[in-house]
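As a plain string of letters, each chain reads:
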Amino acid sequence: MGVNVGVDRLRFLNPVKAGKRIRGRGELVAAQEAKGGIQSTLRVTIEIEGEDKPACVVDTISRYFPDQGA
């Protein structure tokens, strides 16, 4: 089971103009034990085609717990 804990360091760096293509890229920046499961921090970068600066960068925090029924 996975639970979204929240976000950290949300930054809007560049507006996305109408008609521009975007893509998301994720990078695992941390993983540690936390209260019977694993907590991970994933840095998500939203890139804009043809632009040097990304539109948005955010660290998402999630917790994952092993299946207790198996």
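Going by the structure above, here's the rest.
Report follows, based on the coordinates. (Residues numbered from 1 in each chain as written. Predicted model: local features only at pLDDT ≥ 70, side-chain atom pairs only at ≥ 80, totals over all residues. Heavy atoms only, no water.)

1. Details of a nonpolar patch on the surface
A grouping of Val7, Leu10 and Phe12 is seen on the molecular surface, where their side chains present a nonpolar patch of about 350 Å² in accessible area. Mapped onto the elements of the fold, Leu10 is located in strand β1 (residues 2–12). (Patch = residues over 30% accessible without salt bridge, like charges linked within 9 Å, V, L, I, M, F, W, Y side chains within 5 Å. Areas by Shrake-Rupley, 256 points an atom, 1.4 Å probe, with all protein chains shown as cover. Salt bridge = Lys/Arg side-chain N within 4 Å of Asp/Glu carboxyl O. Helix = DSSP H or I, 4+ residues; strand = E, 2+ residues; numbered from the N terminus.)

2. Observations regarding the sheet that holds strand β2 (residues 22–34)
Here four strands make up an open sheet; going across it, the order is β1-β4-β3-β2 and the pairing antiparallel. The sheet terminates laterally at β1 and β2, the two strands that pair on one side only. When the angles between neighbouring strand axes are averaged without regard to direction, this sheet yields 20°. As defined by bridge partners, β1 adjoins strand β4 (residues 56–64) across eight bridges and the pair is classed as antiparallel. (Pairing = 2+ DSSP bridges. Axes fitted to C-alpha atoms, helices over the stretch in contact; angles between N-to-C directions.)

3. Looking at the pattern of salt bridges
Scanning all chains against the criterion turns up five salt bridges. Taking the shortest distance from any N to any O, the salt bridge between Glu47 and Arg25 comes out at 3.0 Å. With Glu47 in strand β3 (residues 37–48) and Arg25 in strand β2, this pair connects stretches of sequence that are 22 residues apart. One continuous salt-bridge network, built from bridges that share partners, spans Arg23, Arg25 and Glu47.

4. What to know about the environment of Pro66
Looking at the element boundaries, Pro66 is found in the segment after β4. For the pair Pro66 and Gly2, spaced 64 residues apart in sequence, the C-alpha separation works out to 9.0 Å.

5. Thoughts on the side chain of Thr41
Looking at where Thr41 falls in the secondary structure, it is placed in strand β3. Residue classification places Thr41 among the buried positions, given a relative accessible area of 14%. Those residues in contact with Thr41 that sit more than four places away from it in its chain are Glu27, Leu28, Val29, Ala30, Asp59, Thr60 and Ile61. (Buried < 20%, exposed > 50% of the residue type's maximum accessible area, 1.4 Å probe, protein only. Contact = heavy atoms within 4.5 Å.)

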